[in-house]
Structures are given as C-alpha cells and as structure tokens.
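# Geometric and topological summary
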Amino acid sequence: MAELKAIIFDVDGTLAETEKYGHRIAFNQAFKQENLSWEWDVNLYGKLLKIAGGKERIKYYLDEFIDFTYPHNLDQLIPHLHSVKNQFYQNLLLNATIPLRPGVENLITEAHDKGIRLAIATTSALANAMALLDNTMGSSYFEIIAAGDIVEKKKPAPDIYNYVIEKMDLSPKNCLVIEDSEQGLKAATSAGLKTIITVNDYTKNDNFEEAFLVLNSLENISLEDLKKIFLNPKM
Ligand code: XBP
Ligand code: MG
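The following refers to the structure shown. Here the structure is a predicted model, which means the values were calculated and not measured.

### Overview of the side chain of Thr195
Looking at the element boundaries, Thr195 is found in strand S5 (residues 194-198). In this structure the side chain of Thr195 is engaged in a polar contact, spanning 3.1 Å, whose partner is the backbone oxygen of Leu193. Contact partners of Thr195, with chain neighbours within four places excluded, come to Val177, Glu179, Leu185, Ala188, Thr189, Ala211, Phe212 and Leu213.

Spelled out as structure tokens, the structure:
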C-alpha cells in the first residue's frame, strides 16, 4: 500500500472563497478604473471560471461573450488589466481578510506537525496566492508554492502538478490533492494524483466523476481521516 507523504492544495475556491469574495470584485474594479464598461456579475463569472488564469479569463470573455474589436495593443492590454486587477485583489485582502474555509488551517497545521510534506499548486498569480496566505495562516507550512505562469499551460493541463511532484521528488502514488473545481480535478488526475474535492457554490455542479472523494468542506476532517480515505475511499 502506498503511504501518504504529501498533500498538494489548490488555492482559489479550496483554501478560501477567493473567487466569490475577491477575484470577481477585483476584476470589476480594474475594468471600471480603466474606463471599460465590462461588468462580471456572479452568474457570468461562474461561466468564465471555465477558463483558469486571470489573463486567459479576460481573453475568453473578449472572444466568447462580447462583440469586441481587438485593439492593436491587445498583447499589452490584457496583462495591464490583469496587473491592475491584481493590485485591487491584494488591497482587498489587506483591507478585509477573506477567511480560510472551515477545516483548512487545522488540517494543514496537523499535517505539517506530523511530517506530511505540503505544497500549493495554483493557476493564480504568485503574488495573489501569497497575499491570501500572508493575510491568513502564513506560507511557511508549504515546501513549494507553484503558481501562475511558472508553467506553460494552466489547469486543466497537468503541468503545475507535474512541476510540484518533480521539484519535491515525489511519486504521484504518495500524494493527495485537494481541489474544488473540474478544471483542477482534470489537472491533478492527468498528473496521476488522487484528488479529493471540496465543493463550493461555483463548482457544486461540476463533473467530479474522476474524484477520489467529494466533500462539502474539510471541516472536522483530521489527518487520520485523510490517511484512511487515501487507503480506502469507501471508509
Ligand atoms: C483559480 C484561477 C485564477 C483566479 C484568478 O486558480 O483560475 O485564475 O481565478 O487569479 P486555482 P489570477 O483554483 O488554481 O487556485 O488573476 O491571479 O490568475
Ligand atoms: Mg480552485
């Protein structure tokens, strides 16, 4: 039987409800500041979440949701908007902390204290992931924080998970992933990783057929529970 040696956490939607309380709001603040009439409401944002990555999401919106004539400087416009949005996001986290989801901090500290290796694999920009951690439990528990453009292809491609496993010199069979979305699940399972899903309002209707287990949250889930689940998901 493979031993559980490492847990790899997604960030947005898994550690905290950052899509709901942070990213969407920051995108809209950036559009407004840049005098764009775009407004992403909750329903539209749910659709846009199909594409991971802030820059990629803006491009998807322009391609599929509005009639937009591309300016000659689109290559600069999208990164510019994304960087304005990230400033708003980081300010928002400084001014009103988005709490970690129930059970997250307890599980991470317990796993860390008991020698389980921990990592982050996110499509968010590194500064955004750090802003969340710095404003909540800190980042020292994680051996690696793999984020954003560090790999060529974002989730649902497996690249970010392959990156973490390689850097930590781990075998996929010894790792467990905690994700919240179908795109994240695809990324992790394509990297050969067992994945537990904790759903949220944006992802509750996603297809999680390939998940090892689907939970509402990590509340009251101990490391011992996870170890048992890792060996036998039916327990
Ligand atoms: C979720 C994402 C991110 C955020 C926005 O990442 O897709 O793009 O919505 O963050 P994950 P950025 O679930 O993998 O943590 O604007 O920094 O990309
Ligand atoms: Mg996520």
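After presenting the structure, the write-up continues.
### Quick notes on the layout of surface pockets
Each pocket or cavity is described by its volume, and for the largest pocket that value is around 470 Å³. Forming the boundary of the largest pocket are 32 residues, of which Glu19, Leu49, Arg57, Ser181 and Gln183 lie nearest the centre. Mapped by element, the contributors of at least two residues to the lining of the largest pocket are helix H1 (18-33), helix H2 (42-48), helix H3 (54-64), helix H4 (74-95) and helix H8 (182-190). Of the residues assigned to the lining of the largest pocket, the class counts are 5 nonpolar, 15 polar and 12 charged. Counting only domains with at least three residues in the lining of the largest pocket, you end up with domain 1 (6-17 + 100-230) and domain 2 (19-95).

### Observations regarding the pairing of strand S4 (residues 175-179)
For S4, the tally of buried residues reaches 5 of 5 residues, placing the bulk of the element in the interior. Going residue by residue along S4, you find Cys175, Val177 and Glu179 tucked away on one face and Leu176 and Ile178 tucked away on the opposite face as well. The pairing of strand S1 (residues 6-9) with S4 spans 4 bridges and is parallel. Counterpart to Ile7 in the pairing with S4 is Leu176. Relative to S5, S4 runs parallel, the two sharing 4 bridges. Across the sheet, residue Ile178 finds its bridge partner in S5, namely Ile196.

### A short note on the coordination of the magnesium ion (ligand 2)
Only Asp10 (OD), Asp12 (O) and Asp180 (OD) from the protein reach the magnesium ion (ligand 2) as donors, at distances of 2.2 Å. We note that the donor set of the magnesium ion (ligand 2) lies within a single chain, spaced as D-x1-D-x167-D. Placement of Asp12 in the loop between S1 and H1 and of Asp180 in the loop between S4 and H8 is noted, with a sequence separation of 168 residues between them. Note on Asp12: relative accessible area 9%, which makes it buried.

### Description of helix H5 (residues 104-113)
All of the buried residues in H5 are Val104, Leu107, Ile108, Thr109 and Ala111. Each element contacted by the buried residues of H5 is listed here: S1, strand S2 (117-122) and helix H9 (223-231). Looking one or two places after H5, you find Gly115, whose phi comes out positive at around 85°.

### Regarding the environment of Leu4
Within the element layout of this structure, Leu4 appears in the segment before S1. When neighbours within four sequence positions are excluded, Leu4 is seen to be in contact with Ile116, Asn174, Cys175, Leu176, Leu223, Lys227 and Phe230.

### Here's the deal with the environment of Lys173
Tracing the sequence through the fold places Lys173 in the loop between helix H7 (159-167) and S4. Each C-alpha atom, one on Lys173 and one on Ala146, is 20 Å from the other, the two residues being 27 residues apart in sequence. Aside from chain neighbours lying at most four places away, what touches Lys173 is Ala2, Glu3 and Phe230.

### A word on the site of ligand 1
In the neighbourhood of ligand 1, 19 residues make up the surrounding shell, with Glu19, Arg57, Lys85, Thr122 and Thr123 lying closest. In the model, an oxygen atom of ligand 1 is placed 2.7 Å from a nitrogen or oxygen of the His82 side chain. Protein contact buries 96% of the 440 Å² of open area that ligand 1 shows by itself. More than half of the atoms belonging to ligand 1 lie within 2 Å of the grid points that define the largest pocket. Elements with a contribution of two residues or more to the shell around ligand 1: H1, H3 and H4.

Reading guide: rules and limits
- Numbers given for residues are sequential positions, taken from 1 along each chain in its written order.
- Each chain is given a letter, starting from A, and each ligand a number, starting from 1, according to the order in which they appear as written.
- Thresholds applied to this predicted model are a pLDDT of at least 70 for local features of residues and 80 or more for the giving and counting of side-chain atom pairs; totals over whole chains, interfaces and linings are not thresholded and use all residues.
- Note: side-chain values were computed over all heavy atoms of the structure, leaving out hydrogens and water.
- We count a stretch as a helix when DSSP gives it H or I for four or more residues in a row; a strand needs E for two or more, and each element gets its number in order from the N terminus.
- We call two N or O atoms a polar contact when they sit within 3.5 Å, provided that within protein one can donate a hydrogen and the other can accept it, with sequence-adjacent residues counted only if both atoms are side-chain atoms.
- It only takes one pair of heavy atoms within 4.5 Å for two residues to be counted as in contact.
- In this analysis the probe radius is 1.4 Å and the grid spacing 1 Å, with only protein atoms considered; a cavity is a set of points the probe fits into but cannot get out of, a pocket is an open set with protein on both sides within 12 Å along at least five of seven lines, and lining residues have an atom within 4 Å of a point.
- Grid points are joined across faces, edges and corners, and a volume is the space filled by probe spheres set on the points.
- Following the grouping adopted for this structure description, the nonpolar residues are Ala, Val, Leu, Ile, Met, Phe, Trp, Tyr, Cys and Pro, the charged ones are Asp, Glu, Lys and Arg, and the polar ones are all others, Gly among them.
- Start and end points for every domain follow an automatic or database-based domain assignment.
- Per-residue accessibility, obtained with a 1.4 Å probe over protein chains only, is compared with the maximum for each type, and a residue is labelled buried under 20%, exposed over 50%, and partly exposed between these values.
- Paired strands, in this sense, are two strands between which DSSP finds at least two bridges.
- The rule for donors is simple: an N, O or S atom within 2.8 Å of the metal counts, and for Na, K and Ca the reach is 3.2 Å. Water is not among the atoms, so a site may look short of donors.
- Whether a residue is near a molecule or strand depends on its heavy atoms: it is near if one of them lies within 4 Å of it.
- The protein chains shown are the only cover counted for residues, whose accessible areas, like all others here, come from Shrake-Rupley with a 1.4 Å probe.
- Occupancy of a cavity or pocket is assigned to a molecule whenever over half of its atoms lie within 2 Å of that pocket's grid points.

On their own, these measurements won't tell you what the molecule is for.
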